[in-house]
Structures are given as C-alpha cells and as structure tokens.
Amino acid sequence: MLDLTYEPPKPKVIPGAKHDWELVIGLEVHAQVASKAKLFSGASTQFGAEPNSNVAFVDAAMPGMLPVINEVCVAQAVRTGLGLKAKINLTSAFDRKNYFYPDLPQGYQISQLYHPLVGEGEVLVDMGPGIARRVRIERIHMEQDAGKSIHDMDPNVTFVDLNRTGVALMEIVSRPDIRGPEEAAAYVGKLRQIMRYLGTCDGNMQNGNLRADVNVSVCRPGDYERYQETGDHSVLGTRCEIKNMNSMRFIQAAIDYEARRQIQILEGGGTVDQETRLYDPDRGETRSMRSKEEAHDYRYFPDPDLLPLEIEQDWVDDIAGALPELPDQKKARFVADYGMTEYDASVLTAEVENAAFFEEVARGRDGKLAANWVINELFGRLKKEDHSIAESPISAAQLGQIIELIQADAISGKIAKEVFEIAYTSGRDPAEIVETEGLKQVTDTGAIEAAVDEVIAANPAQVEKAQANPKLAGWFVGQVMKATGGKANPKAVNEIVQTKLGL
Amino acid sequence: MTNDLTKLTIAEARDRLRAGDVTSVELTEACLSAIDAADALNAFVHKTPEIALDRARAADERLQGREEAPAMCGIPIGIKDLFCTEGVPSQAASRILDGFRPEYESTVSRQLKDAGAVMLGKLNMDEFAMGSSNETSVYGDAVNPWRREGDATRLTPGGSSGGSASAVAADLCLGATGTDTGGSIRQPAAFTGITGIKPTYGRCSRWGIVAFASSLDQAGPMTRDVRDAAIMLQAMCGHDMKDSTSADLAVPDFEAALTGDIKGRKIGLPREYRMEGMPAEIEKLWADGAEMLRDAGAEVVDISLPHTKYALPAYYVIAPAEASSNLARYDGVRYGRRAKLAQGDGVVEMYEKTRAEGFGHEVQRRVMVGTYVLSAGFYDAYYNRARKVRTLIKRDFEQVFADGVDAILTPATPSAAFGLGEMSESDPVQMYLNDVFTVTVNLAGLPGISVPAGLDTQGLPLGLQLIGRPWEEAALLNGAYALERAAGFVSKPAKWW
Amino acid sequence: MSIDKAQAAHVAKLARIKVEDDALPALAEEFNTILGFIEQLNEVDIEGVEPMVSVTPMRLKRREDVVTDGQMPDKVLSNAPDAREGFFAVPKVVE
C-alpha cells in the first residue's frame, strides 16, 4: 500500500496573561448510519418527514415493545471500523443507558458501554503537505439516536418529534491526541470524508447526521509529553465537554473560547469544574449545561432484551474485501501515478465523486493537464454556482474532449477556456463546438506567415524597435493572435515572427 | 344447563364443538353469564362481551368449514391484563396506564385469536405483575373462589396472575393466559387448585406483553388440567422475529406426549427445598407426590441444588433492576395517565408526580430498589453479583440434569392461600417468601408446572411443582399428567359468589 | 449498606418518583429491610464465575434493512395525554 510520510504539526500555543498554554482535545463523534431503516425497528430513517410519521411502536416505547437489530447497521459500523484501521470485536453487547428526557421514550438509550463492536484504530488528519496528525481511535460503538425536542414553538410547551428516535448512530471516540482547533475541525472533516467514501454516513452536518462532543482541557508546555510517557491523564488538566457541535467553524470557535475561559480561571488561581457545556454561536461563548447536582447516573446494565452480538470473521473479511479505495490510498496513488502535487491530490480526493470524475477525465489523457482543468476550471466554476459534481453541466467525457483537443494542439489554452465556457452553459460537446464555431487552432504555417507578413508590413516602426530590442517581438505575436481571432498556434506564431524579424 | 357448559375442559369442549353438540356461541354465552354473576371475585376487570360473541360466531363458522380448525377454536378464555389487546384496555392493573388502548395485539394473544379462541375479557393481576397475592391492583383485590371450611374470610388467589387463576377455578372461562416472572402462574395455580405451566424462557414471545423483568418473564396457560395446559400452550408458543429472546425452535406436539407413562424416568427431590418451618401438610404432600411417581414407575432420588437459598435474594436484585428500567417509559408523555400539574411545573415535576400518582406502593418500592442496585458504586456489589449467583443456580440444575435427572419435584408454595389483607402489616420480604419454591425456575430459565395434588386441613388446595429440562415441555407435561392422574384431585370450590 | 433519608430521597429523584418528605424515613426503612435480605448474596463464593448474560444462549437474530414500519402517526399519537399538531406536548424543558 502506498503511503506518504508525514510529520506531526506543532501543537497550538495560547499565550495567557501569565504563561503559555497548550490544548488537549478529544472528540466523540456521532455519525448517523446510512441505512433505510432504524437500528432496532423497521421505521424509515428518511430526513424531513412529517412529525412522528417515521415512528414504529418500538420507537415510541409502547408497552411490550422489543428491539430487533438491523444487520445492515452492524455491517456499516464494521465497515467504518475497517476504514479507520480498527479492531473489529466479533463479540459485542448492548447496554442500557438510563435517563429521563422527553425525546427518549424508553427512558433509556440502547448503547454499547462494556463491549463495543469496534476497538482501537487510527486516523491520519492532513494538516498540509507533509504534515499530518495521527489521531488514535479508542472505540466505535453503536447506539440509538434520540428524537427531537422543540423548545421554541411555544413559550410553555416543548414539542417532541420521535422521527429520529432509534436511528442508528456510530459513536467514534478518539483519544486526546488533538492539539488545536484547526486539527479538531480537520479531524471531523477527515472522518466525514472516510465515511462518505465508505458510504456508511452521508456526513450531512446541517441535518445533524454528523455531530461532535468536543472535550477540551488546557495544560502547560511539557505536560503533554509527560502524559505520553506515563499514560497519566491527570496531567492534562480538567476537561469540559462541549456537546452537539454540528459545524466545523463553530467547533474551532468553541474550542478557542473554551481554552481561553479555562486559562483565565487557572491563571486566576481557580480550578476548572468538570462539566458539560453548550456553545452559543450568537454570543460566541460556551455555557454550562447542567447544574452540579444533576450529575447523571446512567445506571448502565446489559440490555436483557438483546443477546450478545456475535459476528463471524468470514463476514468481516468479506466486508474488508469489498472496501473501496480510501482517501489516503487514493491520494497517494494520485501523487504517484499522475505526478501531481500532494495539495492537488488532496483537492481531487476530497470527495469520492470528484476523484472518480477526475479519473474519468484523465483516462488515456495527460493527468497533469486533466488535474489542472478539473481543479482550476471546473471546480472553480461549480463552486461559483454552488453546484456539486453530480450537477456539473459538463460531463467528464466532455471535459476529456477538451483535454484531448489541447493535447492534439487543435486548440490553444486560451481558446480551450472559451470552449469550456460554451460547453458549460450549453451542454454541447466541445469537439462539436470547436468545429461549428471554427475555433480550431490555425497551424497552417502558410496562413500564419501571411498574417505575420501583414503585421510586419503595417508596422515598420515597431519592426525597428523589435530588431533593436528582441523582447519587443512579443507585440507582433499579440497582433497576429488578435488578427487570427486567437486561433493561431501561439508557438508557431512566435517562431515565425522571430524568423521574419531576423532575431 | 348453561352452568355445566362452563365446567367443560378445553379438551371436552373441543370434542363437543366438533361433534356439533355445542356451539362456541353457547359456550361463550354461558361463560359471559357466569362472569356477570361473579363480580364478587373481581377476576374479570374489563369485560368484552361483544368481541367475545363476534369471535364465537366466527369460530362457529370456521368449525363448520372444510378445513380442520385448530384445537383452541371456539374456546372462551380470559386474557391477563398484562397482555396488550388491540383496542381493548390493557393496563397491567395500574393507574398509570388508565385509558391506554393499544393499537396492536401481543403475539401470544394474537396467536390465540388466530386459532379461533374467544376472548371474554381482561383479567385482574398484581400491578405490573409485581406481587404474589393480587392485592396491589388498581382494580382492587381479586378473590379466591376457594374458602376455608366454615370460614367466610376472603382469600387471595395468589399473584400476580390472580384474576386468571380465580376465573379458571370458578369456571368463568375454560382457560386463561398468565405470565410468570418469579412464580406468577404456578403459585396462583396452586392456591386455586388448577394447573399452570411456565414454559422454558424463550418458548413464548414476549412481544406486546408489558415487560416487568425481561430476562425472567414468560407467558403460559392456566387451565383446569394438564391436557388443557398442553393444548393451550401449543397455541401460545413459537418463535417470533419481533422478540430477540424468542427461541427459533420447532414446537413439538405437546398433547401427543401425554401418555402417562413415566416408567424409568428419574425424578429428583432437592434437599434444599426442605425449608425450616415448612408446614407439615406441605411436607406430607411432597412425600405423597414422590410416592405417587414412584408407584407410576419413576425412579425417585435425592438431589442437591446447593445455591437454592440464594435464589430469592438474587431474584430481588435482578427483577427490580430490570423493572426499574422497563418502567421508565411510564412517564405521562405518550400514553396513559399524566398527573395534573401546578402552575410553573416543568417536565421533571410532570414525571415525578405522574409516576408517584400512577404507580402503586409496591411498584414504587421495587422500581426504587432496582434504581438503587444499579446506581453508581453499587452495580458490582449487587447487580453483577446477583447475576453471578444466577449462573451458579443455573449450573446447579445443569449438573443435576447431566447426572440423568429428568424432572424435579417440589412443593409449589410454602402454604395454602392466605387471607386478603393478612400480610399487609408484614415487611415486604415476608410476601416475597411466597415465591421461594418457584423463583429458581425463572432464574434458570427452565420450564415449570404446578399441579393440584391435595387439600389441606382447612379444605384449601395445595399444589406440587415439577421442573423440567430446557425445551422439554412435552416430557414435563407428561410427568405432570402422570402425577395428576395419581393424585386424582377433582375438588372444586363451593360456589358462594 | 444502610440507607438514610437523604439517600432515599436521591434514589426517588433518580427514579423520577415524587416522595413526600415525611414519607422518606419509612421508605428508607423498607429499603433497608429489602437490602438486608439481599445481603445474603455476599455469602456466596463467586470467584471466577461469569455473570449470566443470556438465559438461553442463541445467536442474536438480525433484521433485513427494509422499511416495514412507521407511517402511522395517528396510531402513535392516539393514546397521548397531550398531542398537538402531530407532536407530543410536554411542559417546557429547561436545558
């Protein structure tokens, strides 16, 4: 397997009033499993349905209802684990996490505390060319999502919609290996990318399909290294958990705020209380979620309605064998096979559909040229109009035609851009456009010579200047290009001008 | 006379329905009359005469049809209030489910319905199946049709399936469904002189039955005799995909196993069941039962189940723990009763008041004990420890079965039925001791059956329990059949209601 | 392990059951009676014994990933004490 070598980024240093501080961050990412039905019931997981219409009696926790596990949800979690190079536990079990909340009908959430489905793994988070943070995954477990409580529809009443109750979640728990807000956001982005490649989660943060609980603490320079040597977490400082973050931008802002808040307390001689907090994007601050008394006692115990989940190694191997090429592999391959920069490879592999599009454009053609066009021309244009690659009005085959035309010297780079624009707005084939609009590059030396002769004859003063200062010969090239409507092959024009001017 | 119709066993009714001797409508009407005249027993708490007659008529049509109708077709039965029955109040005898009418039918009651059985109504029980005397019901106590000789004291029919037991014993229906978590079928059967069987854990689906303790609950039939139990159990069990703890095993023909021949079978008498202070009558009955089985050709041996005495304490950790979690859903949000709230009450107040008003005292107590044993710092000391003891209890049985024992004979209860209200002053543990012979069976997940075997000096029925190997209900029923024939118990309670 | 009034109150709170202050001592006493009974379990030697995890060990059945349920908001809401505009309504929850 191809691999690029990386160095870890330097941890972010925050200067406090008195000392320098460093950050320690761990994330628990909740990813909604891509499946048709819920984890333990046959109701649909489709977003945007009428309230309480994707609800089975099991989800509503009616008396006598029982859970039955969805095999695809299990497979998706295994697939995710394999994508994070993690250990798959052939035996895992389900536990009840007991607490009261209106959008938790059972009064407990079925989760996996003691024996999760997936064990330790790792993720490589790219932070720039040659720089990446290796983040260790502690575990991934399956659990039920809760419903939605709507507090702002009425001043006195909370409305509860159970559509999301029981949807399968994968909770991906990282070790405290992340050392800065940008890293944290990039980590979430990497997980999202991997899961989108795998098809195990659509990563739609706006819909809440991917959200993170962010654990933040601050420590003094040197403390983290001590933790790495001894494994003693206490030197990392007291951490606070910021819950339910579903925006990468806000994750960074929240971490920044929280770090400064903790630093201020510590430098003032106080201690940080371990607590759960929420980020308020309007105010740009985190605030405490629960009072100290309400510390939750979840009374975890194995769910007696479910037996331990036993999966076979063969089944896991089959899933492993069918995994698609993952982002890191694809990126390394693009660099090696197409000779592109790591940066370009990153851009092209950010979304698997984009990478596939690119490879179709590049097939049998100049890879570097293809990369340049896809990244700079196509992506730029798509972004401007807020289109995804799936909505691209120009197909990979069509873009490929442009590349071919350039490679064959049939059109110049400049003309190619015009052709691209026409193809993009009209959907016509580039080859047809070039033919119909007569945009084919003029390579006929006779015609070019004639054009050069004309310009030379009409501008004797310029001829003298150019002969004295050869750099000014470019002016003639420009004139000929104008005269030929840009269709003359610039290289040929330049050669002929040079010759005719006697340079 | 219509009264005589209600005295028919399921087997007899089945034959006479097919012979054209009697119709399901006639049977049903006879039961409905008997029920209406028996309000003093407070066994039926929701009567469903219209549904009953509809189903009876449909059953009669089906019996006329060309296809062979199932054994339970046309048989009028009662359904314990713990089973969710579509469109019909299903309250688990609790105030907190006041008004709840499920939009679905439990698998077990649906199977009976599909077989053509006629639901007469819902039966009284201890609230949320937590109790051994049917004294915790929101509907009021159920009453045992049996009375002590010359004594009009109202007696308990046992619990939690007290209404079921009372109804069958008083000939209000030909059979009834019960559930058994720590003895709730077997103990009331013994108190009322009828037969009740709890099958192996996983034989019957739990889907649609209000959950009390998930790893212990099982549904089962309560009937006049062993043959009826075999017939009704057949219709109730089977794999259900909707219940992950339901066993994917074929259901053998239980009735076909009733040969009465137990020659060469090995019956064990566990010495640890001989408890201190055990009433002499119970000891004698047990010994008599052993003798009867010996006479029938079985080999009777002494065995040891060393961890027996820890079964009750283990049960009273595990069952409340699971219950505390299973009952968390009763919160006034989606169904049942919600407390009236004061100005300024938020959702926490709503939960607290709803549950305080909706749950009876025994339920509250068990939910809180369960909450406590699972709470931070105590999980290992209580719950985990209890589960380990449970492993040992199960192992005791496995050892004995591995040694060649086919079934185990024990008393069903430590006494005959006691008076209603008699135990109200005692501490809660005294009531729990009623289950001392039965809880081991739920902890080990084994099948167990209670068969009426004699009367005590006051004329009250006493039962004997047989415990079988996992999945071998057929053999167990046959052993019970032999015991039943030998015991020859035919007494019925004298009608006072 | 003996439970006092404060612990009894804490357990009631965890279980979301309102117990009046004057009922707490009696409740604590009942707990203690029951817990006293349960203490017997400490006599058992559980060294090396696995806690029972499933009563009848079998392979956990799986469902196919097909939508077979839901689409019945009326039935889901039909028993609700307070349902409004397709939602369950509860007194305002303060985060």
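Residues numbered from 1 in each chain as written. Chains lettered and ligands numbered in written order. Predicted model: local features only at pLDDT ≥ 70, side-chain atom pairs only at ≥ 80, totals over all residues. Heavy atoms only, no water.

S.K.: What exactly am I supposed to notice about unusual backbone geometry here?
M.R.: Backbone phi values are negative for most residues with the exception of glycine, while trans is the configuration of most peptide bonds. A cis amide bond links Gly159 of chain B with the next residue in sequence, Ser160 of chain B, at an omega value of 10°. We note that Asp409 of chain A has phi near 65°; this positive angle belongs to a residue other than glycine. When you line up the elements, Asp409 of chain A lands in the loop between helix 10 (396-407) and helix 11 (413-426). Of note, the phi angle at Ala92 of chain B is positive, near 55°, even though the residue is not glycine. Here Ala92 of chain B lies in the loop between strand 2 (76-80) and helix 5 (107-114). (Helix = DSSP H or I, 4+ residues; strand = E, 2+ residues; numbered from the N terminus.)

S.K.: Teacher, can you tell me more about the interface of chain C and chain B here?
M.R.: For an interface, size is often stated in terms of accessible area lost upon the parts coming together. With 52 residues of chain C in contact, the opposing surface of chain B contributes 71 residues. Of the roughly 5400 Å² buried between chain C and chain B, counting both surfaces, carbon and sulfur atoms make up 71%. On the surface where chain C and chain B come into contact, there are 4 salt bridges. For Lys309 of chain B, the salt bridge identified is with Glu43 of chain C, shortest N-O distance 3.1 Å. The interface formed by chain C and chain B includes 21 residue pairs in polar contact (both at pLDDT 80 or more). When contributions to the side of chain C that touches chain B are tallied by element, the ones reaching two or more residues are helix 1 (5-14), helix 2 (24-38), strand 1 (62-63) and strand 3 (87-91) of chain C. Element by element, the count of residues in the side of chain C that touches chain B is highest for helix 2 of chain C, at 8 residues. Partitioning the side of chain C that touches chain B into residue classes produces 32 nonpolar, 6 polar and 14 charged. (Contact = heavy atoms within 4.5 Å. Buried area = accessible area lost by both parts, 1.4 Å probe. Salt bridge = Lys/Arg side-chain N within 4 Å of Asp/Glu carboxyl O. Polar contact = N/O pair within 3.5 Å; in protein donor to acceptor, adjacent residues only side chain to side chain. Nonpolar A, V, L, I, M, F, W, Y, C, P; charged D, E, K, R; others polar.)

S.K.: How should the pattern of salt bridges be read in this particular structure?
M.R.: Any two side chains of opposite charge can pair, so long as their charged atoms come close to each other. The final tally for this structure, using the stated rule, is 75 salt bridges over all chains. With its nearest N and O atoms 3.8 Å apart, the salt bridge here joins Asp171 of chain B to Lys7 of chain B. With Asp171 of chain B in the loop between helix 6 (162-169) and strand 4 (175-180) and Lys7 of chain B in the loop between helix 1 (2-6) and helix 2 (10-19), this residue pair connects regions lying 164 residues apart in the sequence. For Lys7 of chain B, a relative accessible area of 45% corresponds to the partly exposed category. In this structure, a network of salt bridges that share partners links the residues Asp126, Lys190, Asp328, Lys331 and Glu342 of chain A. (Buried < 20%, exposed > 50% of the residue type's maximum accessible area, 1.4 Å probe, protein only.)

S.K.: Help me out: how do you make sense of the pairing of strand 8 (residues 131-144) of chain A in this one?
M.R.: Residues and elements named next belong to chain A. A large share of strand 8 lies buried, amounting to 10 of its 14 residues. As judged from the 7 bridges shared by strand 7 (residues 121-128) and strand 8, these two strands associate in the antiparallel manner. Across the sheet, residue Asp126 finds its bridge partner in strand 8, namely Ala132. Direction of pairing for strand 8 relative to strand 11 (residues 168-174): antiparallel, over a ladder of 7 bridges. The residue bridging Met142 from the neighbouring strand is Met170, located in strand 11. (Pairing = 2+ DSSP bridges.)

S.K.: Please clarify how the environment of Val347 of chain A should be interpreted in this entry.
M.R.: Residues and elements named next belong to chain A. When you line up the elements, Val347 lands in helix 7 (residues 342-349). Sequence separation of Val347 and Phe379 is 32 residues, and the distance between their C-alpha atoms is 9.5 Å. With residues near it in sequence (within four places) discarded, Val347 still touches Ile375 and Phe379.

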